[in-house]
Amino acid sequence: MKLLTLAAAAAFALLSSQAYAGPAEDIVAKEKCSKCHTATTTKKGPSWASVAEKAKGKADAAEKMFVYLKTGGKMSDGDDHKKVEASDADIKAIVALVLAAK
Ligand code: HEC
């Protein structure tokens, strides 16, 4: 019985952590960033963990990423990256989310 209770508690914790969504998570879901990015696997775009790794120790990384997402920066293949239609505060929250990925 004890094991079952533990398993149920673990399952609940997992579910509730996935169900939690702040504004940044909501926008990422709405804008379908996950078509090309996930936290840890490389799809069409780099994983956010690898983006965060590259940004480590660069003082201007967060600001550059903010501008990149707000204005739809150029990607290395010359195409424009998707522009994020959100308030500055929300875009900052997305940057924080990306930089926190590991
Ligand atoms: C159509 C595919 C696609 C979608 C949708 C997409 N991205 Fe990207 N993203 C890319 C690719 C490809 C790159 C790599 C850019 C390059 O080649 O320089 C990238 C790069 C990035 C980077 C790293 C920029 C850097 O400084 O290296 C961030 C952050 C990012 N995307 C966030 C997002 C967010 C947030 C969304 C949703 C609003 C999103 N992306 C939607 C394809 C996509």
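The structure this text deals with has already been given above.
First things first, this report covers the structure right here in the doc. (Residues numbered from 1 in each chain as written. Predicted model: local features only at pLDDT ≥ 70, side-chain atom pairs only at ≥ 80, totals over all residues. Heavy atoms only, no water.)

Let us now look at the pattern of salt bridges. One pass over the full model with this rule turns up five salt bridges. Salt-bridge contacts for Glu53 lead to Lys56; the nearest nitrogen and oxygen are separated by 3.2 Å. With a closest N to O distance of 2.8 Å, Lys70 and Asp88 form a salt bridge. Here Lys70, found in helix α4 (residues 61-71), pairs with Asp88, found in helix α5 (residues 88-99); they are 18 residues apart in sequence, far enough to count as distant. Residue classification places Lys70 among the partly exposed residues on the basis of a relative accessible area of 34%. Here Asp88 falls in the partly exposed class, since its relative accessible area comes to 36%. (Salt bridge = Lys/Arg side-chain N within 4 Å of Asp/Glu carboxyl O. Helix = DSSP H or I, 4+ residues; strand = E, 2+ residues; numbered from the N terminus. Buried < 20%, exposed > 50% of the residue type's maximum accessible area, 1.4 Å probe, protein only.)

Put simply, the ideal angle at a metal is 109.5 degrees for four donors in tetrahedral geometry and 90 or 180 degrees for six donors in octahedral geometry. Distances from the iron atom of the ligand to its protein donors, His37 (NE2) and His81 (NE2), fall within 1.9 Å. The class for His37 is buried, based on a relative accessible area of 12%. Here His81 falls in the buried class, since its relative accessible area comes to 19%. (Donors = N, O, S within 2.8 Å, 3.2 Å for Na, K, Ca; no water.)

This part takes up the side chain of His81. Of note, His81 is situated in the loop between α4 and α5. When sequence neighbours within four positions are dropped, the list of residues in contact with His81 reads His37, Tyr68, Leu69, Gly72, Gly73 and Met75. (Contact = heavy atoms within 4.5 Å.)

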